[in-house]
Amino acid sequence: MAGREVKVLSVTSECVPFIKTGGLADVAGALPGALAAEGVEMRTLLPGYPAVMEFMKDAEKVYELKELYGAAAWLLSAKVEGIELLVLDAPHLFARPGNIYLSSHNRDWADNAERFAALCQVACDIAGGALDGWTPDVVHAHDWQGGMAPYYIARSGAQAKTVLTIHNIAFQGIAPAIRAVALDIAAEDFHADGVEYWGQVSALKAGLNYADRLTTVSPTYAEELMRPEFGMGMDGVLRRRRNDLQGILNGIDTTVWSPEDDPMVQNYKSPRGKAKNKEGLRQEFDLPETDGPLCVVITRMTEQKGLDLLLEALPALIGAGGQLALLGSGSAELEQAFLATAADEPNVAVKIGYDEALSHRMVAGGDAILVPSRFEPCGLTQMMGLRYGTVPVVALTGGLADTVIPATPATMPKGLATGIQFAPVTASALTGALTKLTTLYADQKAWAKIQRNAMAHPVGWDSSAKEYAALYQSLVDAS
Ligand code: ADP
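Anyway, here's the lowdown on the structure attached to this text. (Residues numbered from 1 in each chain as written. Predicted model: local features only at pLDDT ≥ 70, side-chain atom pairs only at ≥ 80, totals over all residues. Heavy atoms only, no water.)

A look at empty space enclosed by the protein
Then step 1. As enumerated under the stated definition, the model contains 1 cavity of 30 Å³ or more in all.
Then step 2. By volume, the largest cavity is sized at about 40 Å³.
Then step 3. Lining of the largest cavity is provided by Ala113, Ala117, Met148, Gly173, Ala175, Leu183, Val201 and Ala203.
Then step 4. Here the lining of the largest cavity is composed, by residue class, of 7 nonpolar, 1 polar and no charged. (1 Å grid on protein atoms, 1.4 Å probe; cavity = no way out; pocket = protein on both sides within 12 Å on 5 of 7 lines; lining within 4 Å. Points joined across faces, edges and corners; volume = space filled by probe spheres on them. Nonpolar A, V, L, I, M, F, W, Y, C, P; charged D, E, K, R; others polar.)

So this is what it looks like as structure tokens:
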């Protein structure tokens, strides 16, 4: 890129390898490295949760806030694992055990709006020059947790341009209107083109209305978001801001998801290593030997992910000799339903929990990876599957539509297909897709070709990093 380096502050509630509950963390963790090659100097502002503070033992205090939502707070700075971190050390907001968003009863922390508004206020201070020698040109906020940053910055008069990325429109940062004053929202901004959402405060809406530019994590999701079926009440704002909205596809970290030398996978040395990994995975999940495909699922267990449809469609897979190994956690109802199915059916095995290393072994050892989501902004596990020759079976939605080339009568003879897609997102269409999977799997030549295509499909950050860099540069050039 021509010109000087662009300085970008990334404002995020999660970032690999420090704290992760979902794909946002993967993206926030990958961006700084991917963008460095494009002339972007990114620093990452993250809340000081206990897990994050573990990495900050040698950090420097670079900014002090005498009062931030009830107590003093500090901003710590350190370069850790290659990432320039700025961590908001505010124990009264972030030093809590367990899930970063949920209290022990699986309910949102009652003060979530304030916790992340605090993060955004600090982002605004940084945009206003709070740090010696480093003021960002662009503040890039992620999801509702970063949503108030563009609002505070717009109101403060700071020079920084702002970008908001929507990783999942389902989470909107809603709080009762009575909290608006505490959240430092001016009365004149409490309206539908400001921070108000049907009589309440929405941090996401604030970001959607006040950020200079909006992005989301795949081109198809960008289109979907402007439709009522997918926009979850925000489609009107997004239609209004159509010209400022852009879909930039996520990538995966191809050094971490690297089939030839994945340290978390013992047996995998080449695509041919899959048979060995599959054997290991079957043993690990206590699955018998069969002739059909071993399907894996790695997921949050929520309504979004279409797992109820999978339960309904499973007999078609099992009946054709296939198997399922699922790793996930989330809704108690879905967890119970899968555990009950596994107890009855020897070809279904379930592990409830979160296990990074196991997820690698599953991607390496599975024949196919299933992602039957009702909506999926981008989705990462299908890309992990592609890289390891683990054929994705995906719903035709969001980033799943943008990353998988479906096996069809048109693509098969041309040798282009990398996976299987199904639509509409129903149990019967999924059943059809699983039947197609078992048929394809039985055709060794066709299957090997799909695996090769999948492994050759680019899933890294190269082209998307260029798109983000171009976006930042266009904002700087316009200022
Ligand atoms: P979302 O962000 O909606 O959860 P994505 O597919 O974008 O979905 O990202 C999910 C990320 O979390 C992937 O990196 C996936 O491998 C990981 N993941 C999800 N559940 C688990 C789990 N139980 N154990 C290990 N990794 C998981």
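Now, onward.
What to know about the site of the ligand
Then step 1. Around the ligand sit 18 residues, and of these Lys20, Gly23, Arg300, Lys305 and Gly353 come closest.
Then step 2. Between an oxygen atom of the ligand and a side-chain N or O atom of lysine 305, the distance comes to 2.8 Å.
Then step 3. In this structure, leucine 380 approaches the ligand through a main-chain N or O atom, which is 2.9 Å from an oxygen atom.
Then step 4. Compared with its free state, where it exposes 560 Å², the ligand has 92% of that area covered by protein.
Then step 5. Looking at the shell around the ligand, the elements that each hand over two or more residues are α1 (23-36), β13 (294-301), β14 (323-330) and α14 (381-387).
Then step 6. Ranked by the residues each element gives to the shell around the ligand, the list is headed by β13, at 3 residues.
Then step 7. When its residues are assigned to classes, the shell around the ligand shows 5 nonpolar, 8 polar and 5 charged.
Then step 8. In this structure, the shell around the ligand is formed jointly by two domains, domain 1 (6-251 + 462-478) and domain 2 (273-456), each of which donates at least three residues. (Near = heavy atom within 4 Å. Polar contact = N/O pair within 3.5 Å; in protein donor to acceptor, adjacent residues only side chain to side chain. Areas by Shrake-Rupley, 256 points an atom, 1.4 Å probe, with all protein chains shown as cover. Helix = DSSP H or I, 4+ residues; strand = E, 2+ residues; numbered from the N terminus. Domains from an automatic or database assignment.)

Considering helix α17 (residues 427-442)
Then step 1. With 16 residues, α17 extends 23 Å from end C-alpha to end C-alpha; this agrees with the ideal 22 Å at 1.5 Å per step.
Then step 2. Every buried residue of α17 is accounted for by Ala427, Ala429, Leu430, Ala433, Leu434, Leu437, Thr438, Leu440 and Tyr441. (Expected span 1.5 Å × (residues − 1). Buried < 20%, exposed > 50% of the residue type's maximum accessible area, 1.4 Å probe, protein only.)

What to know about the nonpolar core
Then step 1. Judged by nonpolar contacts, the single largest core of 80 residues is most densely connected at Leu45, Leu88 and Leu238.
Then step 2. Broken down by element, the residue count for this core peaks at 11 residues, all from helix α4 (residues 112-127).
Then step 3. The residues touching leucine 238, leaving out its near neighbours within four places in the chain, are Ile166, Ile169, Leu208, Leu214, Leu225, Met226 and Leu245.
Then step 4. Val297, Leu326, Phe422 and Leu437 belong to the second largest nonpolar core, which has 40 residues in total. (Core = buried A, V, L, I, M, F, W, Y, C linked by side-chain atoms within 4.5 Å. Contact = heavy atoms within 4.5 Å.)

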